[in-house]
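Listed below, chain by chain, are the residues.
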Amino acid sequence: MEAEQPSAAAQRDRMEGVEVVVWQTMLYAFSLFVSLYVLLASRLTGAGSCRYGYGFLLGGAFFFWGLGGLLSPDSPSSRMIVPFLSNGLAYAFALLALRRYPLLPSSYFDRWKSACDVGLLILLHFAFGDDVLPRLFLAVSGIAVLVFARRKHGLREYSLLSLAGTILFWLILAQGPWLPGPLLFFLGAASLVAVCAGLGKQSAQPGQECGCDVSRHTHEQILVYSHYQGLVFFYSAIAVFGVLVYPPDAIRNWGLGLYTVLLTFRWLILQHEKRGVLEQSFQFTRNLERHFETNLAQIRKKNEDLSRVLKLKQSYEELLMKSNEHTMQPISYENLHQKIEQIVDVWYMTMIGMRFLRVSLQSERGEIYYQTERGSQPERYKEGYVLVRLIVDKERDTPLSPRYVAVEALTDESTEEVRSFYQLLAIYVSRLIMRCLQEQQSLGLRLMEQEMELASRIQFSLIPKNRLVLPDVQAKAVYIPAAYIGGDYVDYFSINERYTCFLIADISGHGIPASLLTTGIRNSFRAVVQMCTSPDEMLVRLNHLLYEDLSETRSYITMLIAVFDHQEMVLRISRAGHPAPFYLSGTKQIHLTCARGMGLGLSLAAEYPLDEWKVEEDFTLLLYTDGLINLGRGRQIPDSEKWLKLLGRVIKADQAREKDRIALLEREIWKKTRQQQQNDDISVLILDVKAPGKGERGGIEDVSV
């Protein structure tokens, strides 16, 4: 009976075993709690936005490890299979989590590489049937990741607590069989807390940059391959350690063999990829060298182009200065060719690479009016030949004003910049020709102005300037041409002691053609007056004299002739299409009603009625051309009726003050015409007639307004 009771040492060992199981169970439960926290945090934070991100995979590893530890099946087979499956999933998730660490370029680890490494880990766990070596496998992998992340980013950019906690956790579990239960729990819990803290800090960091340049990418790939070579050494050392520590058996031998084959295959593929990356790096370097050489050649080309442009700029500035000096000098057709020669000399001596230069003035058909050459003309045109033709004047084609300026040149190079220089030369020559033409036109205009001024003075000399003063009548002419010279004519003079004749005429049109007819009217009128004294007869004779000239020029003349009979005190009037005069007196202001005949030059058989009026009161008669009533038409300017009312008010005011009515009317006419736009010649003849017995003196006076 005493032999069957356990000894005190056995009971103590049993109690210690129970205590270790309790502490391990607590660690499993804490691991499940941490895994649930990590999984939840990975789904709620930016760090776990990826479906299989670092946090998610790490939480899955802790979950399967804790779940496998808490399961306690009764059957021996389940006691072996369930922990193997749960631990295998935990190790696989842990290794995948290391490959998805945020500070590593996870694209370097292809899926087949990760699958191969997971297979190595599972084979290691299967071969030795213990968790020590797989945990060392994970710890060594984590240390490699830590070293690479530190070399790439340093220890301050991101928090490495989660990675350090993961490494510490698997190292502690690898030492689990030799650590007391409380120490194992507290160390494992502390490492899990570090993992949670590190994940929290990582989730708050900004996202990882997605892109990098090719050289940096290749360099990081080489670093990864170098680190993995170190891992292969450690994985091999772990396998050797397992062979030395654990006794061999069939399962372990098969697992170790598969492990060795897979590890060798992984290492060979790694070497092949490393050589490919190195070749890619060398190719990239060669491409960079070629690209650098290309850029260097382009820079040299740009520098050469810039140097050439600077030389062209200097030539351009010098050409502008010298050409402007010549173009600013006086120019005429007498020295035009001399100026062209001087400018051609300047361009031929200044332009770089010039071998031949020709400037010619050509007609539309290609005939050469003038030509000058510099240099030796080649037998045939080669590369660098430039031809520029510029139109000088589309309307003229004479030796003095050619149609084209042609510039031909042969230079070392023919570029758009060089071609623009010769276009500028053609422009300079054409400007010289245009200046000569403008000078000639200006001279012609000045001569024409002088002739127009002379014609204006001659025409004004034909218009009476002095006032006619007779006992019974006074007269004054107001003449305002629209241009230098006009087509209106006014005349008055005493035929004899009994008759005084007054004439006002308006030739169709104005300007030079109309003014030329005024001289003919004056001569014809003076000749007719010597043969008759009746206005109607005068118009008939004038029509016969002027008809031929007027019909050839397709012109006509409106005219009004008034003859005052001092003996009978009668005013006789005949009209040839002319406006009716204004009659202004103290009792009435009207258009004087008189018959109207046809204008001179319209019909050779025209007749002109005669009207006469007995002078019974003082009155003023205004004979005018239609330029007066058409003044400023379209702008509500006084027409004939308004002029009649306006001048009538002047006469009434004159009667009250007994002033000079002719002077008042003349002043009013000048005032109104100066205020408005004039489109036609204006002529006004003012007759101031006295009733019988009121005349005082006779003669002609100069009464200025």
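Residues numbered from 1 in each chain as written. Predicted model: local features only at pLDDT ≥ 70, side-chain atom pairs only at ≥ 80, totals over all residues. Heavy atoms only, no water.

Chemist: Sorry if this is basic, but what is going on with the overall build of the chain here?
Modeler: When its secondary structure is counted, the chain shows 16 helices and 16 strands. In the chain, which comprises 705 residues, the share counted as buried stands at 45%. Taking as baseline every contact in the chain between residues at least 6 positions apart, the subset at least 24 positions apart corresponds to 72%. (Helix = DSSP H or I, 4+ residues; strand = E, 2+ residues; numbered from the N terminus. Buried < 20%, exposed > 50% of the residue type's maximum accessible area, 1.4 Å probe, protein only. Contact = heavy atoms within 4.5 Å.)

Chemist: Can you help me understand the nonpolar core in this one?
Modeler: Soluble globular proteins tend to bury their nonpolar side chains together. In this structure, Phe502, Met559 and Ile561 are the most contacted members of the largest nonpolar core, which totals 52 residues. When neighbours within four sequence positions are excluded, methionine 559 is seen to be in contact with Leu503, Ile504, Ala505, Ile521, Leu539, Leu542, Ser574, Arg575, Ala576, His578 and Leu600. Leu95, Tyr101, Leu120 and Phe169 belong to the second-largest nonpolar core, a separate cluster that totals 47 residues. (Core = buried A, V, L, I, M, F, W, Y, C linked by side-chain atoms within 4.5 Å.)

Chemist: Mind showing me how you'd approach the pairing of strand S4 (residues 404-411) here?
Modeler: Note on strand geometry: in a regular strand, side chains alternate between the two faces of the sheet. With 8 of 8 residues buried, S4 lies mostly within the body of the structure. Side chains Tyr404, Ala406, Glu408 and Leu410 project from S4 onto one buried face, and the interleaved Val405, Val407, Ala409 and Thr411 project onto a second face that is buried too. In this structure, strand S1 (residues 354-362) lies alongside S4, joined through 8 bridges in antiparallel fashion. Each bridged residue has a counterpart across the sheet, and for methionine 354 the counterpart in S4 is threonine 411. The pairing of strand S3 (residues 385-391) with S4 spans 7 bridges and is classified as antiparallel. In the strand pairing of S4, leucine 387 is matched with glutamate 408. (Pairing = 2+ DSSP bridges.)

Chemist: Honestly, the sheet that holds strand S7 (residues 488-494) in this entry has me stumped. Any pointers?
Modeler: Note: strands within a sheet are paired through backbone hydrogen bonds, in either parallel or antiparallel orientation. Pairing is antiparallel across the open sheet formed by 5 strands, whose spatial order is S7-S8-S9-S10-S13. Two strands in the sheet have a free side with no partner beyond their single neighbour: S7 and strand S13 (611-614). Looking at each pair of strands side by side, their axes are set apart by 15° on average, direction ignored. Relative to strand S9 (residues 557-565), strand S8 (residues 499-507) is paired through 9 bridges, and the arrangement is antiparallel. Across the sheet, alanine 505 pairs through a bridge with methionine 559, a residue of S9. Packing against the sheet, helix H13 (residues 535-552) makes contact with S8, S9 and strand S10 (570-576), and its axis sits at approximately 155° to S9. (Axes fitted to C-alpha atoms, helices over the stretch in contact; angles between N-to-C directions.)

Chemist: For this particular structure, what's the right way to read a nonpolar patch on the surface?
Modeler: Judged by side-chain polarity, Tyr556, Met598 and Leu602 come together as a nonpolar surface patch covering roughly 280 Å² of accessible area. With respect to the element layout, methionine 598 can be found in the loop between strand S12 (589-591) and S13. (Patch = residues over 30% accessible without salt bridge, like charges linked within 9 Å, V, L, I, M, F, W, Y side chains within 5 Å. Areas by Shrake-Rupley, 256 points an atom, 1.4 Å probe, with all protein chains shown as cover. Salt bridge = Lys/Arg side-chain N within 4 Å of Asp/Glu carboxyl O.)

Chemist: Where do I start with the packing of aromatic side chains in this structure?
Modeler: To describe a pair of aromatic rings, one takes the distance between the centres and the angle between the planes. Per the counting criterion, the structure on display carries 13 aromatic pairs. With centroids separated by 5.3 Å and ring planes inclined at 80°, the aromatic side chains of tryptophan 65 and phenylalanine 169 adopt a geometry described as edge-to-face. Residue tryptophan 65 is found in helix H2 (residues 54-70), and its partner phenylalanine 169 is found in helix H6 (residues 161-174); the two are separated by 104 residues along the sequence. Under the relative-accessibility criterion, tryptophan 65 is labelled buried at 2%. Given a relative accessible area of 0%, phenylalanine 169 falls into the buried group. Note that arginine 389 overlies the ring of tyrosine 404, its terminal NZ or CZ placed 4.1 Å from the centroid. (Phe/Tyr/Trp six-rings, centres within 6.5 Å; stacked < 30°, edge-to-face > 60°. Lys NZ or Arg CZ within 6 Å of the ring centre and 35° of its normal.)

Chemist: Looking at this model, I keep getting lost on the sheet that holds S4. Mind explaining?
Modeler: Pairing in this open sheet of 4 strands is antiparallel, and the strands run S2-S1-S4-S3 from one edge to the other. Because the sheet does not close on itself, it has two edges, and the strands there are strand S2 (368-375) and S3. Put simply, the sheet's adjacent strands are angled 10° from each other on average, direction ignored. With 7 bridges connecting them, S1 and S2 associate as antiparallel partners.

Chemist: Would you explain the confidence of the model for the chain in this entry?
Modeler: Close inspection of predicted coordinates is inappropriate in any region flagged by low pLDDT. When pLDDT is averaged across the chain, the result is 76; 74% of the residues are at 70 or more. Every residue in residues 204-211 scores below 50 in pLDDT, and together they form 8 contacts with partners more than four places removed in sequence or on other chains. Confidence over residues 696-705 falls short of pLDDT 50; this stretch has 24 contacts with residues more than four positions distant or in other chains. (pLDDT = per-residue confidence, 0-100.)

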